[in-house]
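What follows is each chain in one-letter form.
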Amino acid sequence: MVNPGFLVVFCLSFLVFTEATKTIDSHLSSADLERLSGVFDDALASSDIQSIYYGAMHIKDLQKKHSVLCPKVTQLHKESKLNDFEKNFYLVNIYKKLACPNPISESIQSAISLKKEFSNSQEMFFNYQSTRALGFQIVDEIKTALAKNLQTIVRKDDSFASLGYAFHVAAELGATGAPIADWIEGAFAQADEIGGKMLQFEGGLSVTALVLNGAFKLTKALKKPAPITEEQTYKFVTYLLSRRSVQIPKGAHVLIESLALISADKTVSPICVQIVGNGQIQPDSPLVHVKIVDLLGKPLSPHVSSVSATVTAKQSSTPLVTKQALISKSSDKTVFELNLSSAKPVRGLYDVQIFADQYTQTLGIKILGKVKVKGLEIGVGESDSTSALKKQTVEYPNKLSEELNADAQQKVILRVTLADEATGQPMTVHQAFIRLQHKETSEEIIFVAEQDTSKAYKFDMDVGARSADFGHNSGLYSMDLIVGDASLSNSFKWYVADIQLKFSSQPKVANKTPIRSSRPEIVHQFREPEKRPARFVSDLFTGLCIVPLLVLFVLWSKLKVNLSDFPFSLSALGFHLGFGAILSLFCLFFWKLNMFDTIRYLLPLALATFFFGNRLLRSIAARKSS
Ligand SMILES: *[C@@H]1O[C@H](CO)[C@@H](O)[C@H](O)[C@H]1NC(C)=O
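Please read all numbers here as calculations on a predicted model, not as lab measurements.

Along its length, the protein chain carries 17 helices and 22 strands. The C-alpha atoms of the protein chain give 43 Å as radius of gyration, which overshoots the globular expectation for 626 residues (25 Å, by more than 25%). The principal-axis extents of the C-alpha atoms in the protein chain amount to approximately 125 × 105 × 50 Å. The proportion of buried residues among the 626 residues of the protein chain is 40%. For the protein chain, the share of sequence-separated contacts (at least 6 apart) that also reach a separation of at least 24 residues comes to 68%. Of the charged side chains in the protein chain, 68 are positive and 60 negative, and the gap between their average positions amounts to 7 Å.

Time to look at the pairing of strand β11 (residues 348–356). Alignment of strand β7 (residues 307–313) against β11, held across 7 bridges, turns out to be antiparallel. Among the inter-strand pairings, serine 308 is bridged to a residue of β11, identified as phenylalanine 355. The pairing of β11 with strand β12 (residues 359–367) spans 9 bridges and is antiparallel. Note that in β12 the partner of tyrosine 350 across the bridge is isoleucine 365. Linkage of β11 to β12, two consecutive antiparallel strands, is achieved through a turn of 2 residues, within which aspartate 357 is found at a positive phi near 45°.

Okay, the nonpolar core next. With 88 residues, the main nonpolar core has Phe167, Phe188, Leu218 and Leu259 as its most contacted residues. Residue contributions to this core reach at least three from each of two domains, namely domain 1 (31–245) and domain 2 (271–367). Setting aside residues up to four positions removed in sequence, leucine 259 forms contacts with Leu28, Val237, Leu240, Leu241, Leu295 and Leu296. If you look at the next biggest cluster of nonpolar residues, it comprises 38 residues, including Leu404, Val429, Ala432 and Tyr457.

This brings us to the domain arrangement of the protein chain. A common way to express how large an interface is: the accessible area buried when the components associate. When the domains of the protein chain are assigned, the result is domain 1 (31–245), domain 2 (271–367), domain 3 (371–502) and domain 4 (552–625). Each of domain 1 and domain 2 has a C-alpha centre, and these two points are 40 Å apart.

Moving on, we get to the state of the cysteines. One way to say it: the disulfide is the covalent bond shared by the sulfur atoms of two cysteines. Applying the stated criterion across every chain, the model contains 1 disulfide. Paired through a disulfide, cysteine 70 and cysteine 100 show a sulfur-sulfur distance of 1.9 Å. In this structure, the disulfide formed by cysteine 70 and cysteine 100 twists by about -85° around the S-S bond and is classed as left-handed. One end of the pair, cysteine 70, is in helix α4 (residues 66–79); the other, cysteine 100, is in the loop between α5 (84–98) and α6 (106–111), and 30 residues separate them in sequence. Residue class for cysteine 70 comes out buried when judged on its relative accessible area of 2%. Residue cysteine 100 is classed as buried on the basis of its relative accessible area, which comes to 13%. Looking at cysteine 545, it has no disulfide partner, and the nearest cysteine sulfur is the one in cysteine 587, 12 Å off.

On to the UniProt feature "domain: Ribophorin II C-terminal" (unreviewed entry) in the protein chain. In the numbering adopted here, UniProt assigns the feature "domain: Ribophorin II C-terminal" (unreviewed entry) to residues 526–624. Split by type, residues 526–624 is 78% helix and 0% strand. Its first and last C-alpha atoms lie 61 Å apart.

Serine 301 connects to proline 302 through a cis peptide bond whose omega is 0°. Among the structural elements, proline 302 can be located in the loop between β6 (287–293) and β7. Cis geometry is adopted by the peptide bond preceding proline 397, which originates at tyrosine 396 and carries an omega value of 0°. Looking at the element boundaries, proline 397 is found in the loop between β14 (391–394) and β15 (404–407).

Time to look at the site of the ligand. What surrounds the ligand is the set Leu287, Glu337, Asn339 and Ser341. Within the side chain of asparagine 339, a nitrogen or oxygen atom sits 2.4 Å from an oxygen atom of the ligand. Out of a free accessible area of 360 Å², the ligand has 36% covered by protein chains. Here the residues of the shell around the ligand sort into 1 nonpolar, 2 polar and 1 charged.

Turning next to a nonpolar patch on the surface. A contiguous nonpolar surface patch, about 750 Å² in accessible area, is contributed by Phe536, Val537, Leu540, Phe541, Leu544, Val547, Val551 and Leu555. With respect to the element layout, phenylalanine 541 can be found in helix α15 (residues 535–559).

On to the packing of helix α12 (residues 230–242) against helix α13 (residues 249–263). Running from N to C, α12 and α13 cross one another at 150°; their axes reach a closest spacing of 10 Å. Put simply, α12 runs roughly antiparallel to α13. The crossing of α12 and α13 is left-handed. Where α12 abuts α13, its residues Thr233, Val237, Leu240 and Leu241 lie against Leu255, Ser258, Leu259 and Ile262. Of the residues assigned to the contact of α12 with α13, the class counts are 6 nonpolar, 2 polar and no charged.

The subject of this paragraph is the UniProt feature "transmembrane region" (unreviewed entry) in the protein chain. UniProt records the feature "transmembrane region" (unreviewed entry) for residues 536–556, 568–593 and 599–617 in the present numbering. For residues 536–556, helix accounts for 100% and strand for 0%, while the C-alpha atoms at its two ends are 30 Å apart. Taken end to end, residues 599–617 comprises 100% helix and 0% strand; its first and last C-alpha atoms sit 26 Å apart.

Moving on, we get to helix α8 (residues 140–156). Helix length check: α8 (17 residues) gives 25 Å between terminal C-alpha atoms against 24 Å at 1.5 Å per residue, within 8%. Turning to α8, its buried residues are Ile142, Lys143, Leu146, Ala147, Asn149, Leu150, Gln151, Ile153 and Val154. The inward-facing, buried residues of α8 contact α7 (121–133), α9 (160–173) and α10 (182–189).

Below, the discussion takes up the side chain of serine 130. By the element assignment, serine 130 lies in helix α7. The exposure class assigned to serine 130 is buried, which follows from its relative accessible area of 0%. A polar contact is formed between the side chain of serine 130 and the backbone oxygen of phenylalanine 126, at a distance of 2.7 Å. Apart from residues no more than four positions distant in its own chain, serine 130 is found in contact with Asn88, Phe89, Val92 and Ile112.

Since there are 3.6 residues in each turn of an α-helix, residues three or four apart along the chain are aligned in direction. Helix length check: α13, at 15 residues, gives a terminal C-alpha distance of 21 Å against a target of 21 Å (1.5 Å per residue), a fit within 8%. Within α13, the full set of buried residues consists of Pro249, Gly251, Ala252, His253, Val254, Leu255, Ile256, Ser258, Leu259, Ile262 and Ser263.

With that out of the way, let us pick up the sheet that holds strand β8 (residues 319–325). Sheet architecture is open: 5 strands sit in the order β5-β12-β11-β7-β8, paired in mixed fashion. Two strands bound the open sheet, and with one partner strand each, they are β5 (280–281) and β8.

The next thing to look at is the environment of arginine 347. Mapped onto the secondary structure, arginine 347 falls in the loop between β10 (335–339) and β11. The exposure class of arginine 347 is partly exposed, given its relative accessible area of 26%. Linking arginine 347 and serine 489, residues 142 residues apart in sequence, is a C-alpha distance of 9.9 Å. Excluding anything up to four places from it in sequence, arginine 347 contacts Ile367, Leu368, Gly369, Asp420, Met427, Thr428, Asp485, Ser487 and Leu488. Separated by 3.4 Å, the side chain of arginine 347 and the backbone oxygen of threonine 428 make a polar contact. A polar contact is formed between the side chain of arginine 347 and the side chain of serine 487, at a distance of 2.6 Å.

Parameters and conventions
Residues numbered from 1 in each chain as written. Predicted model: local features only at pLDDT ≥ 70, side-chain atom pairs only at ≥ 80, totals over all residues. Heavy atoms only, no water. Helix = DSSP H or I, 4+ residues; strand = E, 2+ residues; numbered from the N terminus. Rg over C-alpha atoms; globule rule 2.2 N^0.38 Å. Buried < 20%, exposed > 50% of the residue type's maximum accessible area, 1.4 Å probe, protein only. Contact = heavy atoms within 4.5 Å. Lys, Arg positive; Asp, Glu negative; His and termini not counted. Charge placed at Lys NZ, Arg CZ, Asp CG, Glu CD. Pairing = 2+ DSSP bridges. Core = buried A, V, L, I, M, F, W, Y, C linked by side-chain atoms within 4.5 Å. Domains from an automatic or database assignment. Disulfide = S-S within 2.5 Å. UniProt positions renumbered as here; feature names shortened; annotations may be inferred. Near = heavy atom within 4 Å. Polar contact = N/O pair within 3.5 Å; in protein donor to acceptor, adjacent residues only side chain to side chain. Areas by Shrake-Rupley, 256 points an atom, 1.4 Å probe, with all protein chains shown as cover. Nonpolar A, V, L, I, M, F, W, Y, C, P; charged D, E, K, R; others polar. Patch = residues over 30% accessible without salt bridge, like charges linked within 9 Å, V, L, I, M, F, W, Y side chains within 5 Å. Salt bridge = Lys/Arg side-chain N within 4 Å of Asp/Glu carboxyl O. Axes fitted to C-alpha atoms, helices over the stretch in contact; angles between N-to-C directions. Parallel < 35°, antiparallel > 145°, perpendicular 65-115°, else oblique. Left-handed = near helix turned anticlockwise from the far one by under 90°. Expected span 1.5 Å × (residues − 1).

Rendered as structure tokens:
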């Protein structure tokens with residue numbers, strides 16, 4: 001006999017294990033949703049019926065807008081070049097959503113029919129949804145016929161779009177649509193994996209969402225398990241979230257729809273566990289806030305019952321706290337607080353492993369530290385002597401009361417120890433600089449302070465040797481210590497002292513111009529023309545080119561050109577004048593006109609010349625034959 005108690009425990013544990021366990025570290029945030037709602041706002045104002053439809057699906061209190069939108073949509077429907085079934089679908093649904101007062105015309109209503117054989121699933125889907133939106137009942141015989149029709153369609157066309165629409169229709173058909181579910185597995189087997197991280201269908205967001213949403217709706221309608229595994233869901237979600245910046249109303253709509261459908265399926269959907277803020281934790285109050293929400297940023301239902309965390313230093317792998325419970329914040333039920341005060345964390349990078357019921361998630365945080373100045377000494381001494389120089393101590397954040405003086409034979413020395421406020425240990429920081437700024441010209445020069453073997457930072461400047469760096473610009477300089485580090489919460493700049501520097505040589509004039517003076521304006525320069533030969537040479541060659549023409553005239557006069565046979569008819573004169581004009585035009589082109597002007601003048605000339613030439617040739621031919 002099987003113990004019934006065991007059976008109950010077995011079933012319960014089975015129930016627990018069928019729930020998803022994956023977590024993701026991002027979700028559609030309120031900022032994303034706000035931006036997408038902006039996309040829908042713009043869509044509503046557009047003059048594209050499809051965009052208006054998607055806008056209308058997402059915008060509340062539309063009733064106020066129907067006086068403008070209803071006539072506009074009616075007009076857009078008339079002008080639209082979309083397929084009838086598609087634009088009818090938009091019209092009917094917008095009318096319904098807006099509660100437009102005027103009825104939908106008879107001709108449109110009669111065009112929406114399910115009593116026919118469809119050749120593609122898209123048309124069937126649109127007609128089905130339009131019929132529903134018009135408020136008509138769809139009887140079982142029609143559903144059975146549609147289910148049969150659908151099977152014929154997907155056997156012929158199993159493209160992603162065809163299958164996607166088929167899944168959507170089948171989901172509406174109830175049990176009669178069940179055979180279509182057989183195509184789900186095959187469709188998902190063809191999804192493309194991107195870098196092992198994401199899954200999508202070829203064709204991008206709209207195709208991916210079409211297949212995904214249809215499959216989820218269909219399996220849900222048939223009360224079957226989710227169409228894809230938890231692993232696949234995770235990858236599709238990663239893809240969908242990567243497309244959150246979509247600007248197209250349809251894309252925005254299907255993105256939200258997809259994430260909502262997936263979120264609703266607890267057996268496969270990942271949840272989002274993320275650190276609130278930038279992950280930098282202040283040393284004064286080391287509180288880590290963890291947000292646990294669904295993919296649309298909504299609270300989980302039911303809420304997670306227990307949240308705890310193990311925090312481990314990245315470098316040493318020693319745990320700071322182990323399975324410490326997080327407290328749900330009363331102001332925001334999705335946020336849980338981890339208080340690390342009693343663990344006294346030191347500055348550094350940590351891994352936070354979060355356990356929320358069956359989910360675990362590992363996230364990184366950086367605990368910031370505080371630096372304190374342990375003692376700063378400053379002094380001026382002879383550069384060639386090795387004897388100890390007189391140093392003065394300055395307390396943070398004061399400024400040395402007296403003014404220091406250093407000339408070219410001397411050196412300036414500064415020594416400072418930086419310590420971690422929490423541990424008191426000397427600390428190494430990313431940046432420790434000494435800045436010297438001329439009080440009058442504001443020119444500045446920055447030196448790096450080096451850490452010595454005792455971990456103190458040291459700055460040692462031989463004034464004479466550095467003279468050139470200062471442009472030999474003597475005068476009163478202010479001296480700052482700059483300490484910065486990404487892991488510090490109190491990086492600082494400290495005005496330590498004033499110092500009079502005297503360089504031996506005079507400043508060069510060139511060095512007087514400030515380093516950041518404005519540069520001359522950049523003006524676009526055209527390419528310089530190629531070098532040309534001298535005027536005389538080019539004229540000479542032009543002359544040489546004309547010589548054959550001269551020779552021609554000379555020879556003509558020698559030959560005694562006979563013009564007596566010239567027919568003084570309109571066509572002969574016209575032709576010769578036109579021809580001459582064209583030649584002159586070419587000369588002008590060579591001389592001053594550009595090509596476009598030349599062509600503009602040439603066209604009428606050429607036409608007239610052609611006309612007269614044709615007449616002339618005809619008259620010559622007629623004369624010859626007579
Ligand atoms: C965190 O814990 C410390 C001591 O354990 C306590 O003093 C402090 O008030 C707590 N902070 C918050 C915000 O609960």
